[in-house]
Amino acid sequence: IIEADGLYWHSEQCVDKDYHFNKRKKYEEMGYKLLAFREDEISNKIEIIRSIIRHHLNLNEKIYGRKCNIEIIDKKQSKSFLDENHLMGNGCGISFGLKTGDEIVGIMQIKRKNKNNYEISRFCLKKNKDVIGGFSKLLKSVLNTLKPDSLITFVDLRYGKGDYLYKYGFIEGQENPSFKWISKAKTYHRLMFREKDGFPKIWDYGQKKFTLNCKNEKII
């Protein structure tokens, strides 16, 4: 099921906080897979949306991770790649890149949470490309390079479930709805404004946390 969510009609001005979360749960109970995109994403990042849909239809070009090299990507290149290929755009942290020749085909961006605990803030492949074994190769490089005690990541349940994470030893945590602020035809991160600023919220379909206890896992 592919849904296009207008910002006003899907905001808290029209639906309650758990509307999308409960709708996803109902779809899953009925055996459907959900892909839900917002008005501002459709307006500004339609090619990324097409790539996500093509991925779920197994139509993207296939590249094999074993044929790729891994490099640390500088901040300027990383920002450009993520802004062009990820719905949420650039994150923060160190960017481990998959490259074929001079072409970046994937990035895993890692930020430190505290002490020796880290978060995968972004995992992103180039539009219209699927890198077979790409996540595994990037994860192995992250674990070998940073040697973290733990690694967490959050999956946006609007267009993913995170099932692929189980085979790498990630343990699923709670599912909780989150939100963004709306101003006209744009959405903004929940930390950008405060309640007293008066902007309406749009609640998502849920975020699921996954944790990898690296001390207990062998390097992939």
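Just above, that's the structure.
(A) The arrangement of the overall build of the chain in detail. Along the backbone of the chain there are five helices and 14 strands. The C-alpha atoms of the chain give a radius of gyration of 18 Å, which matches the 17 Å a tight globule of 220 residues would have. Counting only C-alpha atoms and orienting by the principal axes, one finds that the chain spans roughly 50 × 40 × 35 Å. Across the 220 residues that make up the chain, the buried fraction comes to 45%. Looking at the chain alone, contacts between residues at least 24 apart form 71% of all its contacts between residues at least 6 apart. When the accessible area of the chain is evaluated, it comes to approximately 12400 Å², of which 50% is carbon and sulfur surface. Distance between charge centres in the chain, computed from 42 positive and 29 negative side chains, equals 5 Å.

(B) Highlighting the pattern of salt bridges. As enumerated under the stated definition, the model contains 17 salt bridges in all. Here glutamate 119 and lysine 111 are joined by a salt bridge, their closest N and O atoms 3.9 Å apart. The salt bridge involving lysine 113 is made with glutamate 119; its shortest N-O contact spans 3.4 Å. Since its relative accessible area comes to 44%, lysine 113 is described here as partly exposed. On the basis of relative accessible area, glutamate 119 is assigned to the buried category, the value being 9%. Each of Arg24, Lys25, Glu28, Glu172, Glu175 and Lys208 takes part in salt bridges that share partners, so that together they form one network.

(C) Representation of the packing of aromatic side chains within the structure. Enumeration according to the criterion identifies 10 aromatic pairs in this entry. Here the aromatic rings of tyrosine 8 and tryptophan 9 are separated by 4.9 Å at their centres, their planes lie at 80 degrees, and the arrangement is edge-to-face. Classification of tryptophan 9 as exposed rests on a relative accessible area of 61%. Judged by centre distance (5.1 Å) and plane angle (40 degrees), the rings of phenylalanine 135 and tyrosine 168 are tilted. Here tyrosine 168 lies in the loop between strand E9 (150–156) and strand E10 (171–176) and phenylalanine 135 lies in helix H5 (residues 134–146), a separation of 33 residues in the sequence. Accessibility classification places phenylalanine 135 together with tyrosine 168 in one group, the buried group. Taken together, Phe123, Phe135, Tyr164 and Tyr168 form an aromatic cluster joined through their ring pairs. Arginine 24 extends its terminal NZ or CZ atom over the ring of phenylalanine 21, reaching a point 5.0 Å from the ring centre.

(D) Region of interest: the sheet that holds strand E13 (residues 201–203). The three strands lie next to each other as E12-E11-E13, forming an open sheet whose pairing is antiparallel. Edge strands, defined here as strands with exactly one partner in the open sheet, are strand E12 (186–188) and E13. Neighbour to neighbour, the strand axes of the sheet diverge by 40 degrees on average, direction disregarded. With three bridges joining them, strand E11 (residues 179–183) and E13 adopt antiparallel strand pairing. Paired with tryptophan 181 across the two strands is lysine 201, which belongs to E13.

(E) Seen up close, helix H1 (residues 19–29). Those residues of H1 lying buried are His20, Phe21, Lys23, Arg24 and Tyr27. Viewed along the axis of H1, the buried residues span an arc of 165 degrees, placing them on a single side of the element. Looking at the buried residues of H1, the elements they touch are strand E1 (2–5), E10 and E13. In the stretch just after H1, glycine 31 is the one whose phi turns positive, near 90 degrees.

Definitions and cut-offs
- Residues numbered from 1 in each chain as written.
- Predicted model: local features only at pLDDT ≥ 70, side-chain atom pairs only at ≥ 80, totals over all residues.
- Heavy atoms only, no water.
- Helix = DSSP H or I, 4+ residues; strand = E, 2+ residues; numbered from the N terminus.
- Rg over C-alpha atoms; globule rule 2.2 N^0.38 Å.
- Buried < 20%, exposed > 50% of the residue type's maximum accessible area, 1.4 Å probe, protein only.
- Contact = heavy atoms within 4.5 Å.
- Areas by Shrake-Rupley, 256 points an atom, 1.4 Å probe, with all protein chains shown as cover.
- Lys, Arg positive; Asp, Glu negative; His and termini not counted.
- Charge placed at Lys NZ, Arg CZ, Asp CG, Glu CD.
- Salt bridge = Lys/Arg side-chain N within 4 Å of Asp/Glu carboxyl O.
- Phe/Tyr/Trp six-rings, centres within 6.5 Å; stacked < 30°, edge-to-face > 60°.
- Lys NZ or Arg CZ within 6 Å of the ring centre and 35° of its normal.
- Pairing = 2+ DSSP bridges.
- Axes fitted to C-alpha atoms, helices over the stretch in contact; angles between N-to-C directions.
- Arc of directions from axis to C-beta.

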